[in-house]
Amino acid sequence: MGRFTQGLYGYAFALFVCLAAVGVFLLITPQSRTEHIPRVDFSIDQVNAARTAPYEVVAPNQVLPNWVPNSSSLSQKNGVVTWRLGFATAKRQHAMLAQSDEKPAAEFVNRMANTDKPGGSRQIDGVTWEERFRQDKNQRTLVRVFPDHAVVVTGSADWDELTALARTLAPQATPSPVPSAG
């Protein structure tokens, strides 16, 4: 046995044992070959955004086929209401709708787009959206700035998918106040 614990034979034997252990581990460990994208229900954030925002909140009137809503966050800080809604697209890229009444709006837009350089415009259902593109991050952005807020559609998704998301956006009605118990 001393022969297998010393020198080149010992090293080769130890390496063989380690590789065999890794092989056995890989064979018996369950592995999923199916895609798992966490799905979130954004309806509560949608209602709360429409209730609290001092601007007209927009949201998709329907989730596009084969898209998965996978993140939603609503924040209220220093009177500023910001809602971000993320999707995994049908082509499994990322797309996000972000809207806020942050002032100045240009800072919010630049941060969401990761660039301050406009790159053109795009007509979507008769409405002009500003285009931005940041090549090193493979990030495309559509921007609309209103007097009281900004709406940004951005992500690694291609222009067609971002345009499709922008087409689904519809103004959300302000919900009735919730009656208090008492």
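Enquirer: I'm lost on the pattern of salt bridges in this one. Help?
Expert: Note that side chains of opposite charge can pair when their charged atoms are close. Scanning the entire structure with this criterion turns up seven salt bridges. Between D158 and K91 there is a salt bridge, with the nearest N and O atoms lying 2.6 Å from each other. With D158 in the loop between strand 8 (150-155) and helix 4 (159-168) and K91 in the loop between strand 3 (80-88) and strand 4 (94-100), the pair connects residues that are 67 residues apart, well separated along the chain. Residue classification places D158 among the partly exposed residues on the basis of a relative accessible area of 23%. Between D125 and R167 there is a salt bridge, and its shortest N-O distance comes to 3.1 Å. Placement of D125 in the loop between strand 5 (120-124) and strand 6 (127-134) and of R167 in helix 4 is noted, with a sequence separation of 42 residues between them. Relative accessible area serves as the criterion here: at 55%, D125 is assigned to the exposed category.

Enquirer: Please clarify how the nonpolar core should be interpreted in this entry.
Expert: Where a protein is soluble and globular, its nonpolar side chains tend to be buried together. Within the largest apolar cluster, 26 residues are counted, with the highest numbers of intra-cluster contacts made by W83, W129, L142, V153, L162 and L169. If you list the elements that add at least two residues to this core, you get strand 1 (58-60), strand 3, strand 4, strand 8 and helix 4. Among all residues touching V153, those that are not within four sequence positions of it are M96, L97, W129, R140, T141, L142, L162, L165, A166 and L169. Ranked by size, the runner-up nonpolar core spans nine residues in total, among them A98, M112, V143 and V152.

Enquirer: I tried to follow the pairing of strand 6 on my own but got confused; where do I start?
Expert: Remark: a regular strand shows side chains that alternate across the two faces of the sheet. Of the strand pairs in this sheet, strand 5 and strand 6 are connected by five bridges, and their pairing is antiparallel. In the strand pairing of strand 6, R122 is matched with W129. Connecting the antiparallel pair strand 5 and strand 6 is a turn made up of two residues, with D125 showing a positive phi of about 50 degrees. Relative to strand 7 (residues 139-145), strand 6 runs antiparallel, the two being bridged by five bridges. Residue pairing across strands places E131 opposite L142, the latter belonging to strand 7. The antiparallel pairing of strand 6 with strand 7 creates a hairpin that spans four residues between the two strands, and N138 there sits at a positive phi of about 50 degrees.

Enquirer: Looking at this structure, I do not really get the sheet that holds strand 3. What am I missing?
Expert: Within a beta sheet, neighbouring strands are joined by backbone hydrogen bonds and run either parallel or antiparallel to one another. Spatially, seven strands are ordered 2-3-4-8-7-6-5 in an open sheet, and the strand pairing comes out antiparallel. Of all strands in the sheet, those bounded by a partner on one side alone are strand 2 (68-77) and strand 5. Strand after strand, the sheet turns through a mean of 20 degrees between neighbouring axes, direction not considered. Taken together, the seven bridges between strand 3 and strand 4 define a ladder with antiparallel strand orientation. The partner of A88 across the bridge, within strand 4, is H94. Helix-sheet contacts for helix 2 (residues 43-52) involve strand 2 and strand 3, and the interaxial angle to strand 2 is about 30 degrees.

What counts, and where the lines are drawn
Residues numbered from 1 in each chain as written. Predicted model: local features only at pLDDT ≥ 70, side-chain atom pairs only at ≥ 80, totals over all residues. Heavy atoms only, no water. Salt bridge = Lys/Arg side-chain N within 4 Å of Asp/Glu carboxyl O. Helix = DSSP H or I, 4+ residues; strand = E, 2+ residues; numbered from the N terminus. Buried < 20%, exposed > 50% of the residue type's maximum accessible area, 1.4 Å probe, protein only. Core = buried A, V, L, I, M, F, W, Y, C linked by side-chain atoms within 4.5 Å. Contact = heavy atoms within 4.5 Å. Pairing = 2+ DSSP bridges. Axes fitted to C-alpha atoms, helices over the stretch in contact; angles between N-to-C directions.

In short, geometric facts, not functional conclusions.
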